[in-house]
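One letter stands for each residue in the lines below.
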Amino acid sequence: LTISETENLIGYTEWAADAFMNRQLTSKITGSLGGSAGYIDVAGDSQVYERPLTRFHYALTGKVELDASAGAEWRQFHHDDSTTLTPVFGIGAAYHPFEGTTLTLEARRRDEISGALTNQDYTTTSVSLGVRQRVFDRLHLSFTGSYDNRDYHSVDPAFPAVRRDDIYTLRAELEMSLVRHFTVNVFYQYEKDDTNIPDRRFTDNQVGIQGTWKL
């Protein structure tokens, strides 16, 4: 259950469930069949989606791992009984060239609810590249860069969609393990939105701290 309520954006409530059956295909490959289904209540309207997926985890070597998923999403809209079909995927690769060093590459495509535009969703296609380095026994430093394309589409013919966003993000993070179960993260993040709507373009700088307790 996800509930999103904000002062200036469009809120929504989403109920969703995931179910997968996993099988060890070889000593290096694990395969999964399953998917997701959900119901979304947004701006007085409703959407229902079904998302069948196939997933694979492939341990290429002791230093390289690959995760991939692919499928499709059917989404139905209550107000006009229409249905959309969107291909979705996710790919993630991790490489450990040295002890304490991890390089990651991720790409994915999915549909999301728009929090800014009424009666519109968007298809987001993103790619990110990151590096995480252990500096000392309890100290890790990471850098991540990502690009996200958001292509808006209308869920109601009365509200045509014309917006497209190109979002660039850079993030630096320092993680410290203070005790066995508690870590603190300090981060700086720069974000730029190069949308085709001139008065909606922005750049943003964020600094934050986060604490995590793991049992």
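Before reading on, note that the structure itself is shown above.
Residues numbered from 1 in each chain as written. Predicted model: local features only at pLDDT ≥ 70, side-chain atom pairs only at ≥ 80, totals over all residues. Heavy atoms only, no water.

Engineer: Explain the overall build of the chain here, please?
Structural biologist: Looking only at helices and strands, one finds 0 helices and 12 strands in the chain. Counting helices and strands in the order they occur from the N terminus, the chain gives β-β-β-β-β-β-β-β-β-β-β-β. Taken over the C-alpha atoms alone, the chain extends approximately 55 × 45 × 30 Å along its principal axes. Looking at the 215 residues of the chain, the share that counts as buried comes to 29%. Within the chain, counting contacts between residues at least 6 apart in sequence, those at least 24 apart form 43% of the total. (Helix = DSSP H or I, 4+ residues; strand = E, 2+ residues; numbered from the N terminus. Buried < 20%, exposed > 50% of the residue type's maximum accessible area, 1.4 Å probe, protein only. Contact = heavy atoms within 4.5 Å.)

Engineer: Please clarify how the pairing of strand 11 (residues 182-193) should be interpreted in this entry.
Structural biologist: Along any regular strand, the residues point their side chains to alternate faces of the sheet. Pairing of strand 10 (residues 164-179) with strand 11 involves 12 bridges; the strand directions are antiparallel. Residue pairing across strands places Leu174 opposite Val186, the latter belonging to strand 11. Between the antiparallel neighbours strand 10 and strand 11 lie 2 residues. Across 12 bridges, strand 11 lies against strand 12 (residues 202-213) in antiparallel orientation. (Pairing = 2+ DSSP bridges.)

Engineer: What should I look at first to understand a nonpolar patch on the surface in this one?
Structural biologist: Taken together, the side chains of Tyr95, Leu103, Val131, Val135, Phe136, Leu141 and Phe143 define a hydrophobic patch exposed on the protein surface, amounting to about 600 Å² of accessible area. At the level of elements, strand 8 (120-136) and strand 9 (139-154) are the ones that each hand at least two residues to the nonpolar patch. Looking at which element gives the most residues to the nonpolar patch, the answer is strand 8, with 3 residues. For Leu141, the location among the structural elements is in strand 9. (Patch = residues over 30% accessible without salt bridge, like charges linked within 9 Å, V, L, I, M, F, W, Y side chains within 5 Å. Areas by Shrake-Rupley, 256 points an atom, 1.4 Å probe, with all protein chains shown as cover. Salt bridge = Lys/Arg side-chain N within 4 Å of Asp/Glu carboxyl O.)

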